[in-house]
Amino acid sequence: MSAAPLPVDRTLAALADPHRRRVVELLARQPRPAGELAREVGVSAPTMSRHLRALRQSGLVEESHPEFDARVRIYALRPEPMVHLLRWLEESERLWSEQLAAFKAHVERGL
């Protein structure tokens, strides 16, 4: 039995697709309806629906319905998953910096 994926794992899996990364870039500017996202990304509505489902399941985006039309879905970014990703990247960078500094010191001692 495998462990449940961590939030960072879900975020990275969702961002592995270039179309989903483009959606995130667009939503970083402002919330948008699904149809507009499909046009901007250059994919069909059903394809965009699958990408948005993956982004929702990862927690990267949320949907809402405007009061004037419940059929319209507006998508917006959720900041929490990106905060978790940024923390993970910062920790990884710190660990690599420590390893490289130790390696440099080791090499310099050998000269």
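Structure: see above.
In this report, we go over the structure that sits alongside the text.

The rules behind these values
- Residues numbered from 1 in each chain as written.
- Predicted model: local features only at pLDDT ≥ 70, side-chain atom pairs only at ≥ 80, totals over all residues.
- Heavy atoms only, no water.
- Helix = DSSP H or I, 4+ residues; strand = E, 2+ residues; numbered from the N terminus.
- Rg over C-alpha atoms; globule rule 2.2 N^0.38 Å.
- Buried < 20%, exposed > 50% of the residue type's maximum accessible area, 1.4 Å probe, protein only.
- Lys, Arg positive; Asp, Glu negative; His and termini not counted.
- Salt bridge = Lys/Arg side-chain N within 4 Å of Asp/Glu carboxyl O.
- Contact = heavy atoms within 4.5 Å.
- Pairing = 2+ DSSP bridges.
- Axes fitted to C-alpha atoms, helices over the stretch in contact; angles between N-to-C directions.
- Core = buried A, V, L, I, M, F, W, Y, C linked by side-chain atoms within 4.5 Å.
- Arc of directions from axis to C-beta.

**Notes on the overall build of the chain**
Point 1. Along the chain, the regular secondary structure elements total five helices and three strands.
Point 2. The helix and strand sequence of the chain, counted from the amino end, reads α-α-β-α-α-β-β-α.
Point 3. Its C-alpha radius of gyration of 19 Å places the chain more than 25% over the 13 Å reference for a compact globule of 111 residues.
Point 4. Dimensions of the chain, computed from the C-alpha atoms along their principal axes, are close to 70 × 35 × 25 Å.

**Remarks on the side chain of R20**
Point 1. Within the element layout of this structure, R20 appears in helix α2 (residues 18–29).
Point 2. We note that R20 is buried and unpaired, the nearest opposite charge coming from D17 at a distance of 4.5 Å.
Point 3. Sequence-distant contacts of R20, that is, excluding residues within four places in its chain, are made with A13, A14, H51, A54 and L55.

**Some words on the sheet that holds strand β1 (residues 32–33)**
Point 1. The strand order across the open sheet formed by three strands is β1-β3-β2, and the pairing between neighbours is antiparallel. Each edge of the sheet is formed by a strand with only one pairing partner; in this case those strands are β1 and β2 (61–64).
Point 2. Across four bridges, β2 lies against strand β3 (residues 74–77) in antiparallel orientation. Its bridge partner lying in β3, E63 is registered against Y75.
Point 3. This element, α2, spans β1, β2 and β3 of the sheet and lies at about 90° to β3.

**So, the nonpolar core**
Point 1. With 18 residues, the main nonpolar core has V23, L37, M48, L52 and L55 as its most contacted residues.
Point 2. Elements with a contribution of two residues or more to this core: α1 (7–15), α2, α3 (34–41) and α4 (45–58).
Point 3. Per-element accounting of this core gives the leading share, four residues, to α2.

**As for α1**
Point 1. V8, T11, A14 and L15 are the residues of α1 that are buried. On an axial view of α1, the arc spanned by its buried residues comes to 130°, and they lie on one face.

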